[in-house]
Amino acid sequence: MAVITDVPKESFRLSMLIYDTRYRSLTIQVVVFFLVMAGAAWLVDNAYRNLQLLGKDFNFSFLWTRAGYDIPQVLIEYTNDSTHGRAMLIGLLNTLLVAFLGCLAATVLGIFVGVLRLSKNWLVGRLMTVYVEMFRNVPLLLWILLIYTVFIEATPGPNAYRTLPDGTPGMSMQLFDTIAVTNRYTAVPDPLFSRSLGEISLGLFNVSVDLLALIAALLLSFFANRALLANATRVQEATGDRPVTWWKSLLIWIVPVVAVLVALGFHLAYPRLQGFNFVDGINVSNSLMALWLALTLYTAAFIAEIVRAGIMAISKGQSEAAFALGLRPGRTMNLVILPQALRVIIPPLISQYLNLTKNSSLAIAVGYLDLRGTLGGITLNQTGRELECVLLMMLIYLIISLVISGVMNVYNASVKLKER
């Protein structure tokens, strides 16, 4: 009778970390990790010793000292007596402003150009091709400088809008006498509220309650419209007929916002010339306008190609099948093509938003004081804190990029096709 005994367990030996395939990959990862950490520690130690040799230390106390310089375009209160930390906040807000406006305008323009590039009209298609190739093959910095030069060289001074002593009328303002483009700034109407709800202090800055009320109205409209569309989908699945919702959606979006604006006494203060400058409106600096236009036109060329590629990735059989079922071209695009094309469009679109945000640091070329111009420019030069300023800028840009990427990934997950 055979007796089966347990196989003796193999004892662990150090040589197994290299020669045993079960442990070799783990050993390599641990070694690489310690080498990387040792390299980082050497760099930090080397930087610390060099700072000591220069008689410097590593701290951020300079953020609480007086800045002593002016910033022309600000979104919150700021004077040259404010601290470097507040100047950094002003620069950050200016960066977020131009990035938000640029992403919004570039998306609209990019979709428009991308769809027109697929036009069967030969002239329209070629014109869009020329636009895309011209803007994406020339460095962004050159476009910024060119547009800024056009603003300061090809536009009149504010005094050109003044009536001459002999009674000759000066230049007329653009867009129904509401906007004045000059070689120093662009004067636009200022939105005001005659029954304003005031502001709430958050310590570093104040937040307008009027703005919060408008955001609340938009959120209410968004959720109400979402519920309306969900109900229409349920009716369609139950009966086969989808109820008409476009006019209800239009009312849902317009009525709450208009009601809030009327309740707050919304009106526009139009710019008017007084002396040598326009008053009452908002004077937007030409550096901001040039940067915004350049970022928009440059990034829209890339977004147009992304949109075109996304639409062309969908098989023509999808459109032909939709037409065979009696769907019109507009509904075919909305219900068949775009839902599938978004899977291709959204991921590279995230990269373009990130590129636009980081490219806004070129603002220093035209004197627009964003985060690079304040913290990485004047503050760095005044305080001599190169390492602290650069590390702080890198951390802020990293956080902004991660937030944009996270939001867009959530949106991508919400619009992608649900596989059964």
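Report on the accompanying structure. These numbers come from a predicted model, not from an experiment.

## Some words on the side chain of Ser287
- Along the chain, Ser287 falls in helix 9 (residues 286-312).
- A relative accessible area of 9% means that Ser287 is categorised as buried.
- Within polar-contact distance, the side chain of Ser287 engages the side chain of Ser285 at 3.1 Å.
- Contacts of Ser287, omitting those with residues within four sequence positions, involve Tyr148, Val366, Gly367 and Tyr368.

## Thoughts on the packing of helix 4 (residues 122-136) against helix 9
- It is at 8 Å that the axes of helix 4 and helix 9 come closest, and there the two elements cross at 125°. In terms of their interaxial angle, helix 4 and helix 9 are classed as oblique. Where helix 4 crosses over helix 9, the handedness of that crossing is left-handed. In contact with Tyr131, Val132, Phe135 and Arg136 of helix 4, helix 9 contributes Leu297, Tyr298, Ala300, Ala301, Phe302, Ala304 and Glu305.
- Counted by class, the contact of helix 4 with helix 9 contains nine nonpolar, no polar and two charged residues.

## Some points on the packing of helix 9 against helix 11 (residues 329-359)
- Between helix 9 and helix 11, the least distance of the axes is 8 Å, while the angle of their chain directions is 155°. What the angle tells us is that helix 9 and helix 11 run roughly antiparallel. With respect to the hand of their crossing, helix 9 and helix 11 are arranged in right-handed fashion. In this structure, helix 9 contributes Leu295, Tyr298, Thr299, Phe302, Ile303, Ile306, Val307, Gly310 and Ile311 to the contact, and helix 11 contributes Ile337, Ala341, Val344, Ile345, Pro348, Leu349, Gln352, Tyr353, Leu356 and Asn359.
- Here the contact of helix 9 with helix 11 is built from residues that sort into 15 nonpolar, four polar and no charged.

## Brief notes about the pattern of salt bridges
- Scanning the entire structure with this criterion turns up eleven salt bridges.
- Arg22 is the salt-bridge partner of Asp20, the closest N and O atoms lying 2.8 Å from each other.
- Salt bridges linked by common partners bring Arg117, Glu133, Arg136, Glu305 and Arg308 together as one network.

## Concerning the sheet that holds strand 1 (residues 180-181)
- In spatial order, the strands read 1-2-9; together these three strands make up an open sheet with antiparallel pairing. Looking at the sheet topology across the chains shown, the edges are occupied by strand 1 and strand 9 (282-285).
- Where strand 2 (residues 185-188) meets strand 9, four bridges bridge the pair, whose relative direction is antiparallel. Following the sheet pairing, Val188 is matched in strand 9 by Ile282.
- Sheet strands touched by helix 9: strand 2 and strand 9. Its angle to strand 9, the strand with the most contacts, is close to 60°.

## Quick word on the packing of aromatic side chains
- In this structure the tally under the stated criterion is nine aromatic pairs.
- Ring centres 6.4 Å apart and planes at 35° place the aromatic pair Phe60 and Phe62 in the tilted group.
- For Phe62, a relative accessible area of 5% gives the class buried.
- Taking 5.6 Å as the distance between ring centres and 50° as the angle between the ring planes, the aromatic pair formed by Phe193 and Phe266 counts as tilted. Taken together, the residues Phe193 in strand 3 (residues 190-193) and Phe266 in strand 6 (residues 266-269) connect sequence positions 73 residues apart.
- Judged by its relative accessible area of 22%, Phe193 falls in the partly exposed class.

Scoring rules and cut-offs
- Residues numbered from 1 in each chain as written.
- Predicted model: local features only at pLDDT ≥ 70, side-chain atom pairs only at ≥ 80, totals over all residues.
- Heavy atoms only, no water.
- Helix = DSSP H or I, 4+ residues; strand = E, 2+ residues; numbered from the N terminus.
- Buried < 20%, exposed > 50% of the residue type's maximum accessible area, 1.4 Å probe, protein only.
- Polar contact = N/O pair within 3.5 Å; in protein donor to acceptor, adjacent residues only side chain to side chain.
- Contact = heavy atoms within 4.5 Å.
- Axes fitted to C-alpha atoms, helices over the stretch in contact; angles between N-to-C directions.
- Parallel < 35°, antiparallel > 145°, perpendicular 65-115°, else oblique.
- Left-handed = near helix turned anticlockwise from the far one by under 90°.
- Nonpolar A, V, L, I, M, F, W, Y, C, P; charged D, E, K, R; others polar.
- Salt bridge = Lys/Arg side-chain N within 4 Å of Asp/Glu carboxyl O.
- Pairing = 2+ DSSP bridges.
- Phe/Tyr/Trp six-rings, centres within 6.5 Å; stacked < 30°, edge-to-face > 60°.

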